[in-house]
Amino acid sequence: MPDSKGRFGIHGGQYIPETLMNAVIELEEAYNHYKNDPEFNKELTELLNEYAGRPSNLYYAEKMTKDLGGAKIYLKREDLNHTGSHKINNVLGQALLAKKMGKTRLIAETGAGQHGVATATAAALFGMECVVFMGKVDTERQALNVYRMKLLGADVVPVTSGTATLKDAVSECMREWTTRIDDTHYCLGSVMGPHPFPTIVRDFQAVISRESKAQVMEKEGRLPDYVLACCGGGSNAIGSFYHYIEDKSVNLIGCEAAGRGIDTFETAATINTGKLGIFHMKSYFCQDEYGQIAPVYSISAGLDYPGIGPEHAMLHDTGRAQYVAVTDDEAVNAFEYLSRTEGIIPAIESAHAVAHAIKLAPTLDKDKIMVITISGRGDKDCAAIARYRGENINE
Amino acid sequence: MSNIAKAFENGKAFVPFITCGDPDLDTTARCVVEMQKAGASLIELGIPFSDPTAEGPVIMEASLRALENGCTTDKVFEMVKRLRTELNVTVPMVFMTYANVVFSYGIERFCKKASEYGIDGIILPDVPYEEKDEFDGICKQYGIDLISLIAPTSDERISMVASSATGFIYIVSSLGVTGVRSQITTDIPSLCAAVKAATDVPCAIGFGISTPEQAAKMAASADGVIVGSAIVKIVARYGKDAPEHVGEYVKSMVDAIK
């Protein structure tokens, strides 16, 4: 739990312009009210179950388990949610909150486009206006998602400033919010940014571990030994970890994007290569010696972010969770492996977690249980992976 | 009395801003000299940051150009030293930058050097009242004013923010980011009155001001006027030849608010 100033250990806080302070305070007050409101929770549960298709399956990956020859592997199938990823969990919560607050317009940043698609979806459902900011580089590598957002009625603004990727989209969204606060809610997509966003997004994503814990208890009669999730800003990872944090026997592993390797400049592995800094929040960031935020790189647009959520930074500091780095190559191999082995095409983001499982599972005894969160489906990545393999296909 | 307070002693203050290192630090230094000559009361030196959340496109692009041209915090410090020792700049100067630039340098190391080299204050637009303690304690130790900002949305926060302010108060004229605006729609007189009711610290208005007419209008309510993007635009247009043009512009603004 964060303290009253939104701190997780030394991390977190609110490093934003004065112009936005009353907006985040208003959001915090509204959230503290509605999170315990039975009517709000009933509506949200209905949306999650009837609209988004929850609960998502906990699937026993038998072929993968046999092939790797070690731990018993379960996949938490967030890829089966409506819109194809875990992002919808948070977005339905925030959109409902925004509606209760009387907001009529949602703005959002997006990297891979999954959060943008989820926000555009919720805006369509709630009859709200929607503007999505997306780095220009990302609009090119995720063209299909740009089309989906437009189809859903959202305006997509390509961001050309800085490195034209996710961090710039976040900054641009923050700038847009300072311009128009009264009717606009910033639907932030990950467990990052100023308090109370890391807590709000965490709580809405915690449904992943709430379900997986009950599901694994039902299937196995005990807790898992390992929980793996990919980790950029860290929303699916914190959602996958949250209800296990107090269960010390469960090893929590976040899989960061190493890009071309953590010993190169083309990486996005924040815990593995970054240092403590301040950018909207205090946490670990990839940065140079003068605190300039580094241009990061990963094949995965959704993990291509130079920071990590403050709660993950704390879990790293205390040693409660471990953060490993997975390269592009390993992730692409895992993308193909899961497709062939289980008939499940994971998002390239999620493939980072699968890649680490491929390394870890064979080293474990057969009585160990591992849960891997498949945070999204990989249809959106097929063209990019084909290009990575030197095959040019039309989307 | 802090040096900054002196800037507000002789009538309305004109406070120009410049992004350090765009196109190079030598040009920045020459611009600062011209600003002093033209009658600037206080000068804001922007240390470029890669992700300046409060800036509009003009200052954001200037920051990125400066970084691409190799500007660093240490090089900005060296320029400040030169301004104070070789170029006879005596006007109060404050840094405007972002939390991570100061934090990553080491807050103490940053403030110590800033104080030694003759910097009077620091503006950190991404450090609101709630987060200022970590910076303010050390700033005070080195005699540097951490400048507080007040926005059109501050409302009931005004007295809280203003009552702990030192140096001067930076009143943000409009919603949104820095940059030239044809119209400022905020009720500036009311905003300034609310600030003045809470503190005796002088207040200066910035964001969106570019013309002598706008400056004169703002100066009627506040103790000073801050202009950034309009100057950064001049530098972008004239490059190494900018100092003379910057001087002329600053003179026109100083005259307008007298």
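None of these values were measured; they are calculated from a predicted model.

1. Let's talk about the overall build of chain A
At step 1: In terms of helices and strands, chain A carries 16 helices and 14 strands.
At step 2: The C-alpha atoms of chain A give a radius of gyration of 19 Å, which matches the 21 Å a tight globule of 395 residues would have.
At step 3: In chain A, which comprises 395 residues, the proportion classed as buried is 66%.
At step 4: Only carbon and sulfur atoms are counted for the fraction: they give 50% of the accessible area of chain A, which is about 13,500 Å².

2. As for the overall build of chain B
At step 1: Within chain B, the regular secondary structure consists of 12 helices and eight strands.
At step 2: The C-alpha atoms of chain B give 16 Å as radius of gyration, which agrees with the globular expectation for 258 residues (18 Å, within 12%).
At step 3: If you line up chain B on its principal axes, its C-alpha atoms span 40 × 40 × 30 Å.
At step 4: Burial analysis of chain B (258 residues in total) assigns 64% to the buried set.
At step 5: Taking contacts inside chain B between residues at least 6 apart in sequence as the whole, the part at least 24 apart equals 72%.
At step 6: Treating the 23 positive side-chain charges of chain B as one cloud and the 33 negative ones as another, the clouds have centres 5 Å apart.

3. Considerations on the interface of chain A and chain B
Bring the parts together and some accessible area is lost; that lost area is often taken as the interface size.
At step 1: Listed as interface residues are 36 residues of chain A and, on the opposing side, 41 residues of chain B.
At step 2: For the pair chain A and chain B, the summed buried surface comes to about 3,000 Å²; carbon and sulfur atoms form 50% of the total.
At step 3: Three residues, Glu18(A), Arg175(A) and Tyr290(A), lead the burial of chain A against chain B; their summed loss comes to 25% of the area buried on that side.
At step 4: Here Asp51(B) ties to Lys167(A) by a salt bridge, and the two come within 2.7 Å at their closest N and O atoms.
At step 5: Remark: the boundary between chain A and chain B carries 25 residue pairs in polar contact (both at pLDDT 80 or more).
At step 6: For the side of chain A that touches chain B, the elements supplying multiple residues, two or more each, are strand 2 (11-15), helix 1 (18-34), helix 8 (166-179), strand 11 (275-278) and strand 12 (280-285) of chain A.
At step 7: Of the residues forming the side of chain A that touches chain B, the biggest block, eight residues, is contributed by helix 8 of chain A.
At step 8: Here the residues of the side of chain A that touches chain B are counted per class, giving 12 nonpolar, 14 polar and 10 charged.

4. Regarding the packing of aromatic side chains
At step 1: Enumeration over the complete set of coordinates arrives at 17 aromatic pairs over all chains.
At step 2: By the ring-pair criterion, three or more aromatic residues cluster together here, those being Phe77(B), Phe95(B), Tyr105(B), Phe110(B) and Tyr117(B).
At step 3: Stacked on the ring of Tyr60(A), the Lys or Arg Lys72(A) has its end atom at 4.9 Å from the ring centre.
At step 4: One residue, Arg260(A), lies across the ring of Tyr297(A), its end atom 4.5 Å from the ring centre.

5. Quick word on helix 9 (residues 197-205) of chain A
At step 1: A large share of helix 9 of chain A lies buried, amounting to eight of its nine residues.
At step 2: Taken together, the buried positions of helix 9 of chain A are occupied by Phe197(A), Pro198(A), Thr199(A), Ile200(A), Val201(A), Arg202(A), Phe204(A) and Gln205(A).

6. Observations regarding the nonpolar core
Across soluble globular proteins, nonpolar side chains show a tendency to be buried alongside one another.
At step 1: Counting residues in each nonpolar core, the largest one holds 143 residues, and the members touching the most others are Leu45(B) and Phe95(B).
At step 2: For this core, the two domains that each supply at least three residues are domain 1 (8-48 + 87-201) and domain 2 (54-84 + 207-388) of chain A.
At step 3: Apart from the residues lying within four places of it in its own chain, the contact partners of Leu45(B) are Ile18(B), Cys20(B), Val32(B), Met79(B), Val80(B), Met93(B), Val94(B), Phe95(B), Met96(B) and Ile119(B).
At step 4: Judged by nonpolar contacts, the second largest core, of 34 residues, contains Leu228(A), Ile344(A), Val354(A) and Ala361(A).

7. Notes on the sheet that holds strand 1 (residues 7-8) of chain A
Residue and element names in this part refer to chain A.
At step 1: Here four strands make up an open sheet; going across it, the order is 1-2-12-11 and the pairing antiparallel. The sheet terminates laterally at strand 1 and strand 11, the two strands that pair on one side only.
At step 2: Bridge count for strand 2 against strand 12 is two bridges, and the pairing is antiparallel. Along strand 12, the bridge assignment pairs Tyr-15 with His-280.

8. Some words on the domain arrangement of chain A
All names here are of chain A.
At step 1: The domain boundaries assigned to chain A delineate domain 1 (8-48 + 87-201) and domain 2 (54-84 + 207-388).
At step 2: Computed from C-alpha coordinates alone, the two centres of domain 1 and domain 2 are separated by 22 Å.
At step 3: Contacts between domain 1 and domain 2 engage 38 residues on the former and 42 residues on the latter.
At step 4: Of the roughly 3,100 Å² buried where domain 1 meets domain 2, counting both sides, 62% is carbon and sulfur surface.
At step 5: Per-residue buried area on domain 1 facing domain 2 is highest for His-11, Tyr-15 and Arg-141; these three make up 20% of the total on that side.

9. A closer look at the pairing of strand 9 (residues 226-230) of chain A
Residue and element names in this part refer to chain A.
At step 1: Within strand 9, five of the five residues are buried, leaving the element largely enclosed by the surrounding structure.
At step 2: The two faces of strand 9 match: Tyr-226, Leu-228 and Cys-230 on one face and Val-227 and Ala-229 on the other face are all buried.
At step 3: For strand 9 and strand 10 (residues 251-259), the ladder comprises five bridges, and the chain directions are parallel. Note that in strand 10 the partner of Cys-230 across the bridge is Cys-255.
At step 4: Judged from the three bridges that link them, strand 9 and strand 14 (residues 369-374) form a sheet pairing that is parallel. In the sheet register, Tyr-226 faces strand 14, and the bridge partner there is Met-370.

10. Describing the sheet that holds strand 5 (residues 105-110) of chain A
All names here are of chain A.
At step 1: Taken together, the four strands give an open sheet; going across it, the order is 7-6-5-8, and neighbouring strands pair in parallel fashion. Only two strands of the sheet have a single partner each, and these edge strands are strand 7 (155-159) and strand 8 (184-186). Strand after strand, the sheet turns through a mean of 20° between neighbouring axes, direction not considered.
At step 2: Examined bridge by bridge, strand 5 and strand 6 (residues 129-135) share six bridges and lie parallel to one another. From the neighbouring strand, Arg-105 faces strand 6, where its bridge partner is Glu-129.
At step 3: The strands touched by helix 5 (residues 114-126) within the sheet are strand 5 and strand 6, with strand 5 carrying the most contacts at an inclination of about 165°.

11. Concerning the side chain of Asn145(A)
Residues and elements named next belong to chain A.
At step 1: If you trace the backbone, Asn-145 turns up in helix 7 (residues 143-151).
At step 2: A distance of 3.0 Å separates a polar atom in the side chain of Asn-145 from the backbone oxygen of Ala-112.
At step 3: In contact with Asn-145, other than residues within four places in its own chain, are Ala-112, Gly-113, Gln-114, Val-117 and Lys-380.

Thresholds, definitions, all that
- Residues numbered from 1 in each chain as written.
- Chains lettered and ligands numbered in written order.
- Predicted model: local features only at pLDDT ≥ 70, side-chain atom pairs only at ≥ 80, totals over all residues.
- Heavy atoms only, no water.
- Helix = DSSP H or I, 4+ residues; strand = E, 2+ residues; numbered from the N terminus.
- Rg over C-alpha atoms; globule rule 2.2 N^0.38 Å.
- Buried < 20%, exposed > 50% of the residue type's maximum accessible area, 1.4 Å probe, protein only.
- Areas by Shrake-Rupley, 256 points an atom, 1.4 Å probe, with all protein chains shown as cover.
- Contact = heavy atoms within 4.5 Å.
- Lys, Arg positive; Asp, Glu negative; His and termini not counted.
- Charge placed at Lys NZ, Arg CZ, Asp CG, Glu CD.
- Buried area = accessible area lost by both parts, 1.4 Å probe.
- Salt bridge = Lys/Arg side-chain N within 4 Å of Asp/Glu carboxyl O.
- Polar contact = N/O pair within 3.5 Å; in protein donor to acceptor, adjacent residues only side chain to side chain.
- Nonpolar A, V, L, I, M, F, W, Y, C, P; charged D, E, K, R; others polar.
- Phe/Tyr/Trp six-rings, centres within 6.5 Å; stacked < 30°, edge-to-face > 60°.
- Lys NZ or Arg CZ within 6 Å of the ring centre and 35° of its normal.
- Core = buried A, V, L, I, M, F, W, Y, C linked by side-chain atoms within 4.5 Å.
- Domains from an automatic or database assignment.
- Pairing = 2+ DSSP bridges.
- Axes fitted to C-alpha atoms, helices over the stretch in contact; angles between N-to-C directions.

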